[in-house]
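Topology and contacts: notes
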Amino acid sequence: MSNDNSSHISGYKDHLFVLAILITFTVITVAITSVELNAFNTVAALLIATCKAAIVLLYFMHLKFDNKIYLLMTIFVIVILGAVIGVTLFDYLDQ
Amino acid sequence: METAINAHQETHHDLHRDDHASKLGMWLFIFTEILLFGGLFVVYSVYRTKHHVAFHLAHEELSIAMGLINTIILLVSSATVAMSITAIQRGNKKHAMYFVAATILLALVFLINKYFEWGAKFEHGMYPGSDLMQMLSNGDMLFFSLYFFMTGLHGLHIVVGMTLLIITLVKIKKDLVRSDKYALLENSGLYWHLVDLIWIFLFPLFYLIH
């Protein structure tokens, strides 16, 4: 049937484990950016933020276990957004 | 008689029920939200490269501790809403209600923190359109305008998410959302995770990087 939700059920502990990883990443970002590293600060902070976003999407938003069509569509949207950001920044950094 | 009508409406309603389609609809909406905030992030990045020094100095006005506390609050609330889905899938109504209530409470704490954070800025005469804002240099003004606009828009999403979660909580209590019918909780949860997702980028961009 189209309404059966009998898919993967994540346990409470799985969610708490993911939460612990996300909080650890947050603390690492704050620690890294408190040190003066110039441009590396930004790169590191955004890289960690992207990892955190991926974890939220895959585990909390269930993309890893859900119908793969959601994962494909999300990747597609992220690629488009990445292209827009990339092209704009290349244009401005060139000036 | 009335129960019979209600039962009829219930089955009639269920005939048109399509959980997969409603989830797909929520995802499509989430994509538009990602593109909306993505566009704002592009605006922020461009002005940041153009006014690098001003953005660097202005960002020091924001409290990292406050931002960190709010980040952790949102991460925990994301976990609690995910756990409420686990609970409802297992048929544990009580736990599901506790977890949704906890999420709503955490959202409220986030907003209270935001109130104090913004309030302190307002007290110093720093708010959109204020005399102080007009006197700022171009770069400072852009930083604070973007800060108020983007965190304000995010705050609006918190309010919408809270409203959705309150409606869901009432429906769980009335057994309208239950172990064999929890698309509303799943979709409210997805929306709530989106709010968290946006904050994951707002926090480093405004509070941390320099």
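None of the values given here were measured: they were computed from a predicted structure.

1. Quick notes on the overall build of chain B
Along its length, chain B carries eight helices and zero strands. Along its sequence from the N terminus, chain B presents helices and strands in the succession α-α-α-α-α-α-α-α. By principal-axis analysis of the C-alpha atoms, chain B measures approximately 70 × 30 × 30 Å. Each of the 210 residues in chain B was classed as buried or not, and the buried ones make up 34%. Residue pairs in contact within chain B that sit at least 24 positions apart in sequence constitute 76% of those at least 6 positions apart.

2. Focus on the overall build of chain A
Counting its secondary structure elements, chain A contains three helices and zero strands. Its C-alpha atoms give chain A a radius of gyration of 17 Å, more than 25% over the compact-globule value 12 Å for 95 residues. For chain A, the residues scored as buried account for 18% of the 95 residues in total.

3. A look at the packing of helix 1 (residues 12-34) of chain A against helix 2 (residues 39-60) of chain A
Residue and element names in this part refer to chain A. The contact between helix 1 and helix 2 brings their axes to 9 Å, and the two run at 170°. When the interaxial angle is binned, helix 1 and helix 2 end up roughly antiparallel. Residue-level contacts link Val18, Ile21, Leu22, Phe25, Ile28, Thr29, Ile32 and Thr33 of helix 1 to Asn41, Ala44, Ala45, Ile48, Cys51, Lys52, Ile55, Tyr59 and Phe60 of helix 2. Looking at side-chain class alone, the contact of helix 1 with helix 2 contains 13 nonpolar, three polar and one charged residues.

4. Describing the interface of chain A and chain B
Contact with chain A, which involves 37 residues of that partner, is made by 37 residues of chain B. For the side of chain A that touches chain B, the secondary structure elements donating two or more residues are helix 1, helix 2 and helix 3 (68-94) of chain A. Top contributing element to the side of chain A that touches chain B by residue count: helix 1 of chain A, with 11 residues. By residue class, the composition of the side of chain A that touches chain B is 24 nonpolar, 12 polar and one charged.

5. Considering the confidence of the model for chain B
Per-chain confidence: chain B averages 91 in pLDDT, with 93% of residues scoring 70 or above. The ipTM value of the predicted complex is 0.90, and its pTM value is 0.90.

6. Concerning the domain arrangement of chain A
Each domain of chain A was delimited in the assignment, giving domain 1 (10-64) and domain 2 (67-95). The gap between the C-alpha centroids of domain 1 of chain A and domain 2 of chain A is 20 Å.

7. Regarding the environment of Gly67 of chain B
Tracing the backbone shows Gly67 of chain B in helix 4 (residues 64-89). Sequence separation of Gly67 of chain B and Phe206 of chain B is 139 residues, and the distance between their C-alpha atoms is 9.2 Å.

8. Focus on the nonpolar core
The tendency in soluble globular proteins is for nonpolar side chains to be buried side by side. Judged by nonpolar contacts, the single largest core of 62 residues is most densely connected at Ile88, Val100, Phe143, Ile198, Trp199, Ile200 and Leu202 of chain B. Contributions of two or more residues to this core are made by helix 1 and helix 2 of chain A together with helix 2 (19-50), helix 3 (52-59), helix 4, helix 5 (93-123), helix 7 (138-173) and helix 8 (183-208) of chain B. If we ignore the near neighbours within four places in the chain, the residues touching Ile88 of chain B are Ala96, Val177, Ser179, Tyr182 and Leu185 of chain B.

9. Here's the deal with helix 1 of chain A
For helix 1 of chain A, which comprises 23 residues, the first-to-last C-alpha distance of 33 Å matches the rise-based estimate of 33 Å (1.5 Å per residue) to within 8%. By the burial criterion, the buried members of helix 1 of chain A are His15, Val18, Leu19, Leu22, Thr26, Thr29 and Thr33 of chain A. Looking at the buried residues of helix 1 of chain A, the elements they touch are helix 2 of chain A together with helix 4 and helix 8 of chain B.

10. Digging into the packing of helix 2 of chain B against helix 8 of chain B
Residues and elements named next belong to chain B. Two elements in contact, helix 2 and helix 8, have axes separated by 10 Å at closest approach and are oriented at 15°. Taken together, the axes of helix 2 and helix 8 are roughly parallel relative to one another. Crossing handedness for the pair helix 2 and helix 8: right-handed. Facing Asp19, Ser22, Lys23, Met26, Ile30, Glu33, Phe37, Phe41 and Tyr44 of helix 2, the residues of helix 8 in contact are Ala183, Glu186, Asn187, Leu190, Tyr191, Leu194, Ile198, Phe201 and Leu205. Counted by class, the contact of helix 2 with helix 8 contains 12 nonpolar, two polar and four charged residues.

11. Overview of unusual backbone geometry
Phi at His62 of chain A is positive, roughly 70°, even though this residue is not glycine. Topologically, His62 of chain A is positioned in the loop between helix 2 and helix 3. Overall, the presence of 22 C-beta atoms within 10 Å leaves His62 of chain A in the buried class. The backbone of Asp175 of chain B sits at a positive phi, close to 65°, despite the residue not being glycine.

12. A word on the environment of His154 of chain B
Residue and element names in this part refer to chain B. Considering the arrangement of structural elements, one finds His154 in helix 7. Taking the C-alpha atoms as reference points, His154 and Lys171, 17 residues apart in sequence, are found 26 Å from one another. Residues contacting His154, with those up to four places away along its chain left out, are Ile198, Trp199 and Leu202.

Conventions adopted
- Within each chain, residues carry numbers counting from 1 in the order of the written sequence.
- Lettering for chains starts from A, numbering for ligands starts from 1, and both go in the order in which the items are written.
- Local features in this predicted model are restricted to residues whose pLDDT is 70 or higher, and side-chain atom pairs enter the listing and the counts only when it is 80 or higher, whereas totals over whole chains, interfaces and linings include all residues.
- Put simply, DSSP H or I for four residues or longer makes a helix, DSSP E for two residues or longer makes a strand, and each gets a number counted from the N terminus.
- With C-beta atoms placed from the backbone, a residue is labelled by how many other C-beta atoms lie within 10 Å of its own: buried for 20 or more, exposed for 12 or fewer, partly exposed between the two.
- A residue pair is marked as a contact if its C-beta atoms, positioned from the backbone, fall within 7 Å.
- Both definitions apply: the radius of gyration is a C-alpha atom measure, and the globule rule equals 2.2 Å times residues to the power 0.38.
- Lines fitted to C-alpha atoms define the axes, with helix axes restricted to the stretch in contact, and inter-axis angles between N-to-C directions lie between 0 and 180 degrees.
- Roughly parallel means an angle under 35 degrees; roughly antiparallel means over 145; roughly perpendicular covers 65 to 115; every other angle is labelled oblique.
- For this classification, Asp, Glu, Lys and Arg are treated as charged, while Ala, Val, Leu, Ile, Met, Phe, Trp, Tyr, Cys and Pro are nonpolar and the rest, including Gly, are polar.
- For every residue, the predictor states its confidence as a pLDDT score lying anywhere from 0 to 100.
- Here the limits of each domain have been adopted from an automatic or database domain assignment.
- A set of buried residues drawn from Ala, Val, Leu, Ile, Met, Phe, Trp, Tyr and Cys, joined through C-beta atoms within 7 Å, is what defines a nonpolar core.
- A helix is expected to reach a length of 1.5 Å times the quantity of its residues less one.
- We call a crossing left-handed when the near helix sits turned anticlockwise from the far one by less than a right angle, and right-handed when that turn is clockwise.

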